[in-house]
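What follows is the residue order along each chain.
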Amino acid sequence: MPSYANRYISSLTRETYALILAGGRGSRLHELTNWRAKPAVYFGGKHRIIDFPLSNCINSGIRRVGIATQYKSHSLIRHVNRAWGHFKKELGESVEILPASQRYGDEWYCGTADAVFQNMDIIRHELPKYVMILSGDHVYRMDYGALLAKHVETGADMTVCCIEVECDEAADTFGVMTVDEEKRVKRFDEKPAKPSSIPGKPGTCLASMGNYVFNTDFLFEQLKKDAENEGSGRDFGHDIIPAIIEEHNVFAFPFRDPGHVGQPYWRDVGTLDSFWEANMELVMPEPQLDLYDPTWPIWTYQEQLPPAKFIFDNDDRRGMAVDSTVSGGCIISGSVVRKSLLFSNVHIRSYCEIEESVILPGAVIQRNCRIRRAIIDRGCEIPAGVEIGFDKKADEENGFRVSNKGIVLVTREMLTELAKKIERQERENKQLA
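Below is a short write-up of the structure. Quick caveat: nothing in here was measured; it's all calculated off a predicted structure. (Residues numbered from 1 in each chain as written. Predicted model: local features only at pLDDT ≥ 70, side-chain atom pairs only at ≥ 80, totals over all residues. Heavy atoms only, no water.)

## Some details on the overall build of the protein chain
Here comes step 1: Assigned secondary structure in the protein chain consists of 12 helices and 29 strands.
Here comes step 2: Relative to the globule expectation of 22 Å for 433 residues, the C-alpha radius of gyration of the protein chain, 24 Å, shows essentially globular dimensions.
Here comes step 3: Once the C-alpha set of the protein chain is aligned to its principal axes, its extents read approximately 80 × 55 × 50 Å.
Here comes step 4: Buried residues in the protein chain amount to 51% of all 433 residues.
Here comes step 5: Considering only contacts in the protein chain between residues 6 or more positions apart, those separated by 24 or more positions represent 58%.
Here comes step 6: Charge separation in the protein chain, taken as the distance between the mean sites of 53 positive and 62 negative side-chain charges, equals 4 Å. (Helix = DSSP H or I, 4+ residues; strand = E, 2+ residues; numbered from the N terminus. Rg over C-alpha atoms; globule rule 2.2 N^0.38 Å. Buried < 20%, exposed > 50% of the residue type's maximum accessible area, 1.4 Å probe, protein only. Contact = heavy atoms within 4.5 Å. Lys, Arg positive; Asp, Glu negative; His and termini not counted. Charge placed at Lys NZ, Arg CZ, Asp CG, Glu CD.)

## Considerations on the nonpolar core
Soluble, globular proteins show a tendency: their nonpolar side chains are buried together.
Here comes step 1: Phe43, Ile376, Ile382 and Ile388 are the most contacted members of the largest nonpolar core, which has 53 residues in total.
Here comes step 2: Of all the secondary-structure elements, those providing two or more residues to this core are β2 (42-43), α10 (272-281), β19 (341-342), β22 (358-359), β25 (374-376), β29 (408-410) and α12 (412-432).
Here comes step 3: At 5 residues, α10 tops the list of elements feeding residues into this core.
Here comes step 4: Excluding its chain neighbours within four sequence positions, the residues that come into contact with Ile376 are Val358, Ile359, Leu360, Ala363, Ile371, Ile382, Ile388 and Val410.
Here comes step 5: Listed in part, the 41 residues of the second largest apolar core include Ile50, Trp84, Tyr140 and Cys167. (Core = buried A, V, L, I, M, F, W, Y, C linked by side-chain atoms within 4.5 Å.)

## Considering the packing of helix α8 (residues 216-228) against helix α9 (residues 236-244)
Here comes step 1: One way to put it is that α8 packs onto α9 with a least axis distance of 11 Å and a crossing angle of 110°. Of the possible angle classes, the one that applies to α8 and α9 is roughly perpendicular. Both α8 and α9 take part in a crossing whose hand is right-handed. Of the residues in α9, those in contact with Phe218, Leu219, Gln222, Leu223 and Asp226 of α8 are Phe236, Asp239, Ile240 and Ile244. (Axes fitted to C-alpha atoms, helices over the stretch in contact; angles between N-to-C directions. Parallel < 35°, antiparallel > 145°, perpendicular 65-115°, else oblique. Left-handed = near helix turned anticlockwise from the far one by under 90°.)

## Describing the sheet that holds strand β24 (residues 370-372)
Here comes step 1: Spatially, β15-β18-β21-β24-β27 is the arrangement adopted by the 5 strands of the open sheet, whose pairing is parallel. In this open sheet, the two edge strands, each paired with only one partner strand, are β15 (320-322) and β27 (387-388). (Pairing = 2+ DSSP bridges.)

## Points about α12
Here comes step 1: Taking 1.5 Å as the rise per residue, α12 with 21 residues should run 30 Å; its terminal C-alpha atoms sit 30 Å apart, in good agreement.
Here comes step 2: Every buried residue of α12 is listed here: Met414, Leu415 and Leu418. Buried residues of α12 fall within an arc of 95° about the axis and therefore sit on the same side. Every exposed residue of α12 that faces more than 90 degrees away from the buried side is listed here: Lys430 and Gln431.
Here comes step 3: Where α12 is buried, its residues meet β26 (381-382), β28 (401-402) and β29. (Expected span 1.5 Å × (residues − 1). Arc of directions from axis to C-beta.)

## Examining α10
Here comes step 1: With respect to burial, α10 is a largely interior element, 8 of its 10 residues being buried.
Here comes step 2: Considered for burial, the residues of α10 that qualify are Leu272, Asp273, Ser274, Phe275, Trp276, Ala278, Asn279 and Met280.

## Details of the pairing of strand β9 (residues 175-179)
Here comes step 1: Of all 5 residues in β9, 5 are buried; the element is thus mostly enclosed.
Here comes step 2: Neither face of β9 is left uncovered, since the one carrying Gly175, Met177 and Val179 and the one carrying Val176 and Thr178 both have all their residues buried.
Here comes step 3: Where β9 meets strand β10 (residues 185-190), 5 bridges bridge the pair, whose relative direction is antiparallel. Of the residues in β10, the one forming a bridge with Gly175 is Glu190.
Here comes step 4: Taking the residues that link successive antiparallel strands as the turn, the β9-β10 hairpin has 5 residues, and the phi of Lys183 there is positive, at about 70°.
Here comes step 5: Where β9 lies against strand β11 (residues 204-215), 2 bridges are found, and the strand directions are antiparallel.

## Concerning the sheet that holds β22
Here comes step 1: Taken in spatial order, the 6 strands line up as β16-β19-β22-β25-β29-β28 in an open sheet, and their pairing is mixed. Edge strands, defined here as strands with exactly one partner in the open sheet, are β16 (325-326) and β28.
Here comes step 2: Here 2 bridges tie β19 to β22, and the two strands are oriented parallel to one another. Looking at the pairing, Leu341 lines up with Val358 of β22.

## Some details on the packing of aromatic side chains
Here comes step 1: Across all of its chains, the model carries 8 aromatic pairs by this definition.
Here comes step 2: Aromatic side chains Phe43 and Phe52 sit 5.7 Å apart centroid to centroid with 80° between the ring planes, which places their arrangement in the edge-to-face category.
Here comes step 3: Arranged with centres 6.1 Å apart and planes meeting at 75°, the rings of Tyr140 and Phe255 form a pair that is edge-to-face. A residue pair is termed long-range when its members are at least 10 positions apart, and Tyr140 in strand β7 (residues 139-140) and Phe255 in the loop between β12 (250-254) and β13 (266-267) qualify at 115 residues. (Phe/Tyr/Trp six-rings, centres within 6.5 Å; stacked < 30°, edge-to-face > 60°.)

## Considering unusual backbone geometry
Here comes step 1: Phi at Lys72 takes a positive value of approximately 35°, unusual for a residue other than glycine.
Here comes step 2: For Lys72, the location among the structural elements is in the loop between β4 (64-69) and α3 (74-84).
Here comes step 3: Look at Lys72 and you get partly exposed, because its relative accessible area is 37%.
Here comes step 4: The phi dihedral of Lys191 falls on the positive side, at around 50°, and the residue is not glycine.
Here comes step 5: Along the chain, Lys191 turns up in the loop between β10 and β11.
Here comes step 6: The class for Lys191 is partly exposed, based on a relative accessible area of 45%.

## Considerations on a positive patch on the surface
Here comes step 1: Together, Arg78, Arg82, Arg378 and Arg412 line one region of the surface with positive charge.
Here comes step 2: Since its relative accessible area comes to 51%, Arg82 is described here as exposed. (Patch = residues over 30% accessible without salt bridge, like charges linked within 9 Å, V, L, I, M, F, W, Y side chains within 5 Å. Areas by Shrake-Rupley, 256 points an atom, 1.4 Å probe, with all protein chains shown as cover. Salt bridge = Lys/Arg side-chain N within 4 Å of Asp/Glu carboxyl O.)

Now the structure itself:
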């Protein structure tokens, strides 16, 4: 028979509505988000980033979820409809898309708080006791039940979910909470140069994860006040939290991973380098993010694909992958793949060497290519004989983007421009001849 604690938490999750903010552009990912919002970016071999907060909700027992979309949301909406459209409204469960609809004026979503404000009528219709606001562009696994229980236990009006990080790491990067010994928030600083430490933990601070829990009536009251403030930036971090911490009960909730000692897994894959690094972590023998854990599955949409295939076993060409993750539909034909992550339907022709690379769905690598420390976008076809990741100057001359840490991004548009450049050079050479 379920324990009282489990029944108590399940009652809290049933009384909660989760709103995932998934309209972010993700400009630091550059061309990787030219045609998709950051939450729609691929991750981990077969998932998209949005699948992680959604799976956290479902696995935590929160079955009423809204997804606020805005920037280039077509691929995100298509994915959510395919992967998450099977919930039954008549059973009290739903995952709904909430595009910016200009309900209260002529503006689109003007900030995180405004995205919630413009959907208050939809949230009100659900009659939740608690509203959970979640960022849609971070990768992590978390049971939100513990967060909700702590929110109720402390008598909080608002609870901010945080992660403990070194002060040097948080400086100029994260919003930081200053708290007392009971974790009551005393001050909020957006990306401070010198973050304040946690009481009793010098050198460590509480960085906001962009996840919040509100009592519903309190949330609506604060959003209405914020909407009437002409000088507000309509943002939870910049405006809402600083305005309420003095007169209301705002608590920080440090995120913990019960199965891991030390800092829990949480990744902001907002740059090309961090995106590449987080995917590379998954090919390690025992990655901290365990996608194979049946007790906490990461749900997603999956095509019906044949198994991955490795062909040819000759001395001069051998199809093989070592320390790598290879998804369904892939064919590795007489090439070697090392420490790489291949998404669905990737085809690698013979005599190629692929190392420490992330190759998104549907990419084709033609013969005799050498690729190292690269991100190959969806649907790219790499011409035969191309080398990527060995010569920064050559990569930049070919029109590829090279990150601060030397990770090379290749997209279809870049390859199209490269093909035009080669064609022009060939015409010029013929004319000179």
